[in-house]
Structure formats: structure tokens, C-alpha cells
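Below, each chain spelled out in residue letters.
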Amino acid sequence: MKRIVLPLILSLCFIFESIFVQYFPHNAFGGRYTIVPHFLLVVLLLMGIYYIRNRAILYAFIFGLLFDINYTGILGVYMFLFPFTIYLTSKMMKILQANIFVAALIVLVNIIIVEFLVYELNILINHVTMSMVDFLYVRLIPTLVVNLIFFIIFSYPMKKWLEKRKKEVLDE
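Residues numbered from 1 in each chain as written. Predicted model: local features only at pLDDT ≥ 70, side-chain atom pairs only at ≥ 80, totals over all residues. Heavy atoms only, no water.

Looking now at the packing of aromatic side chains. Each aromatic ring pair is summarised here by two numbers: the centre-to-centre distance and the angle between the ring planes. All told, the structure shown has 16 aromatic pairs when counted by the stated rule. Through pairs of rings, three or more aromatic residues link up here, namely Phe14, Phe63, Phe67, Tyr71, Tyr78 and Phe82. (Phe/Tyr/Trp six-rings, centres within 6.5 Å; stacked < 30°, edge-to-face > 60°.)

General note: in soluble globular proteins, nonpolar side chains tend to be found buried as a group. Membership of the largest hydrophobic core comes to 49 residues, with the highest contact counts inside it found for Leu10, Leu40, Leu44, Met47, Phe82 and Leu162. When residues in this core are grouped by element, the largest group, eleven residues, is from helix H2 (residues 39-50). Among all residues touching Phe82, those that are not within four sequence positions of it are Leu40, Leu41, Leu44, Ala60, Phe63, Gly64 and Phe67. (Core = buried A, V, L, I, M, F, W, Y, C linked by side-chain atoms within 4.5 Å. Buried < 20%, exposed > 50% of the residue type's maximum accessible area, 1.4 Å probe, protein only. Helix = DSSP H or I, 4+ residues; strand = E, 2+ residues; numbered from the N terminus. Contact = heavy atoms within 4.5 Å.)

All right, on to the pattern of salt bridges then. The final tally for this structure, using the stated rule, is four salt bridges. Across the pair Lys159 and Glu163 runs a salt bridge, and its minimum N-O distance is 4.0 Å. Taken as a pair, Lys159 and Glu163 lie in helix H6 (residues 132-171) at a separation of four residues, close to a single helical turn. Since its relative accessible area comes to 16%, Lys159 is described here as buried. Judged by its relative accessible area of 33%, Glu163 falls in the partly exposed class. Measuring nitrogen to oxygen at the nearest pair gives 3.3 Å for the salt bridge that ties Arg165 to Glu168. In this pair, Arg165 and Glu168 are both assigned in helix H6, three residues apart and thus about one turn of the helix distant. (Salt bridge = Lys/Arg side-chain N within 4 Å of Asp/Glu carboxyl O.)

Direction vectors running N to C along H2 and helix H4 (residues 77-95) enclose 40 degrees, while the axes themselves pass 8 Å from each other. The angle between H2 and H4 places the two elements in the oblique class. With respect to the hand of their crossing, H2 and H4 are arranged in right-handed fashion. Across from Leu40, Leu41, Leu44, Leu45, Gly48 and Ile49 in H2, the residues of H4 making contact are Phe82, Thr85, Ile86, Thr89, Ser90 and Met93. Considering only residue class, the contact of H2 with H4 consists of eight nonpolar, four polar and no charged. (Axes fitted to C-alpha atoms, helices over the stretch in contact; angles between N-to-C directions. Parallel < 35°, antiparallel > 145°, perpendicular 65-115°, else oblique. Left-handed = near helix turned anticlockwise from the far one by under 90°. Nonpolar A, V, L, I, M, F, W, Y, C, P; charged D, E, K, R; others polar.)

Below you can see the structure in the form of C-alpha cells.
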């Protein structure tokens, strides 16, 4: 049963992202902003910080592939970016303290990295006509705010649970 909980949490985050997009009012805040939930990425990054790195990278690879299959027309974008950000996070956490404020900063930095790389890739393949300034104000900042709220709500319980689960896995 314990082995099912983590993939279940990740699956629920994966599903909740699409539910959030579908039911969040599109005309909220004047209809000007584009909000992109990265709840799955936030949980994966928390795994990279508080759980076993190699397992977090494996989950990131699997859910990145699922994300590409379900949401993008190009396979490999998120399949590469999710594990890459987990790897970056684990390396950053070896240098920095593992407290909640540093974790929040690292999660936000990694969301910025993912958003910029996806934006640049879309520019490269001519799928977007949004200027960099519009991208920053219309998409990136609202995305960071929503994902920071998600992080604030779920980081502490996830941290405690992941640390407990890591101890159980290492004791087996």
C-alpha cells in the first residue's frame, strides 16, 4: 500500500492540473492573464529535495512522458525538462540549506526555467507570437503566483511525508 501512495499523489496532481485549467474562470483578473499550473512539477521538485533523487528522476521521466503525450504535440519536451529540473534541484540542495524558504525559491527558479525553455522552444517552432515582455507579465508572473500558493499549502505536509517515506525506504 505504501508503494502506491506516491504514484497516486503524482497522478492526482497530473489530473488536478487539467481540472484547474478547465474550471478556473478564464475571465478572472480581466481575462488578461494566462495561468499555467505546474502542480505536478512542484511535487516532483519536492521529491527531488526531500526524497531519493534517483526515484524522483524516474518519476519525473515517466510523468514528463505522460505530460507530453497528453498535453503537447512534441514528445520529449517535458520528458526531458522534468528530470533535468529534478537533477538541478538535487544539486542546488547539496549547496544550500534544505529549509522551506530555500525550497520555495528553488521551486520558483525551476518553474521559471521550465517556462522559459518551453517559451523559447515554441518561438523556435513558430507556435507563439507573444513578446518577451508579454510573456513575463501575462504568463510567467501569474503562473509563479499560483504555483507559489500551491507550494505554500502543500509543501510542509509533503515534506514531512516524503522524509518519513525516505526513512522507511532506506531502512528496508
